[in-house]
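# Structural features, examined
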Amino acid sequence: MMKRTDRHYRFFMRQITKHTLLYTEMLTTGAIIHGDRQRLLGFHEDEHPIALQLGGSDPDETAEAAAIGEDFGYDEINLNVGCPSNRVQKGRFGVCLMNEPQTVARAVEAMRDAVDIEVTVKHRIGVDDRDSYEEMLRFVDTVAAAGCRRFTVHARKAWLQGLSPAENRNVPPLRHDEVHRLKRERPELTIETNGGIASLDECTAHLDAVDAVMLGRTAYREPYLFADVDRRFYGDDSPVPTRHEVIRRLFDYVAYWTEERDLSLNHITRHYLQLFRGQPGARSWRRHISENAWRDGAGVHTLREALELVPEPQEESAA
Ligand SMILES: Cc1cc2nc3c(=O)[nH]c(=O)nc-3n(C[C@H](O)[C@H](O)[C@H](O)COP(=O)(O)O)c2cc1C
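Computed from a predicted model, the values in this text were never measured in an experiment. (Residues numbered from 1 in each chain as written. Predicted model: local features only at pLDDT ≥ 70, side-chain atom pairs only at ≥ 80, totals over all residues. Heavy atoms only, no water.)

## Notes on the site of the ligand
Residues in contact with the ligand amount to 16 residues; listed here are only the nearest, Gln-53, Lys-122, Asn-194, Gly-196 and Arg-217. The side chain of Lys-122 places a nitrogen or oxygen atom 2.8 Å from an oxygen atom of the ligand. Here an oxygen atom of the ligand and a backbone polar atom of Gly-196 are 2.7 Å apart. The fraction of the free accessible surface of the ligand (610 Å²) that becomes covered by protein chains is 90%. In terms of residue class, the shell around the ligand is built from four nonpolar, seven polar and five charged. (Near = heavy atom within 4 Å. Polar contact = N/O pair within 3.5 Å; in protein donor to acceptor, adjacent residues only side chain to side chain. Areas by Shrake-Rupley, 256 points an atom, 1.4 Å probe, with all protein chains shown as cover. Nonpolar A, V, L, I, M, F, W, Y, C, P; charged D, E, K, R; others polar.)

## What to know about unusual backbone geometry
Of note, the amide linkage connecting His-48 to Pro-49 takes the cis form, showing an omega dihedral of -5 degrees. Relative to the elements of secondary structure, Pro-49 occurs in the loop between helix 3 (37-41) and strand 3 (50-55). Positive phi is not limited to glycine here, since Lys-3 has a value of about 65 degrees. Note on placement: Lys-3 falls in the segment before helix 1 (7-14). Of note in this structure, Asp-262 is not a glycine but carries a positive phi near 60 degrees. With respect to the helices and strands, Asp-262 occurs in the loop between helix 12 (243-260) and helix 13 (265-269). (Helix = DSSP H or I, 4+ residues; strand = E, 2+ residues; numbered from the N terminus.)

## Some words on the domain arrangement of the protein
Split into domains, the protein comes out as domain 1 (7-234) and domain 2 (243-310). Measuring from the centre of the C-alpha atoms in domain 1 to the corresponding centre in domain 2 gives 30 Å. Opposite the 13 residues of domain 1 that make contact, domain 2 presents 15 residues. Here domain 1 packs against domain 2, burying approximately 1,400 Å² in sum over the two surfaces, 69% of which is carbon and sulfur. Of all the elements in the fold, those that place two or more residues in the side of domain 1 that touches domain 2 are helix 1 and helix 10 (217-221). (Domains from an automatic or database assignment. Contact = heavy atoms within 4.5 Å. Buried area = accessible area lost by both parts, 1.4 Å probe.)

Written as structure tokens, this is what we have:
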């Protein structure tokens, strides 16, 4: 999620779930081709499985960016056909491409020619007045004919005029039933639904109808919800670290980035603020980090101090 998630968020989430597919935020093909690749694309090998999400539509550029992503070791390239921001509309990528299924198909084809890893597409139900199920199906069929086998559908349309990006994530109603129908009518494709999913029980319910679910805001707001994901959805019964253990396992990582890479602690720990959500001590945790992580000299000791403010449940510390 742009302006929200980054490699430090993903490394944090990997302490909680080993199997969930993680994505980069959308990166434009131009940034990847012309920008600081190591900064934009670098990731820790523990972050696998990880998909690189591209914003773009020009076949040569999407192909080049996809190849760069493959060289960096990404497991999958995902094309964003869901983002409604103005900047994105001007660049002719994101959700406005729902009006141009052939353009998306050409980009997918070019990327598939350029890489061996899977190429997938994230899109919406529709855009503006073109939001019928039939139109979405036509979009999916056109892109599937170019070789895309997996589609993640944000189950609401976008209005290109009049709604801000944030409103476009909340105002148009969710229409998960149309994503379920898509799976029924195109069983050979892998179909994932996304939008407003707030609990693992809701995931289970959707999984009766589709192949997978994607969680955005909930994954950021409630990271520890994922503690039960590996057991419940991937059949992996390995013990999951407690919240305290998650943080202790991050000490070396935090020390490396703050001491050897000179990164401000704040860039890393802002992603940890919600870990103790709903637990005793959550406020002290958040406050200590918020008040101190941006200061000069903040480091792993700051994180240790914050952790000491959160009572460790007896059964947890014995685990
Ligand atoms: C701050 C923010 C940034 C986002 N950035 C991206 C992005 O880079 N790529 C993307 O595919 N979706 C992005 N989204 C949309 C989410 O991935 C998701 O489709 C949408 O929020 C609906 O799902 P949710 O209710 O589970 O969050 C973003 C959402 C938010 C709130």
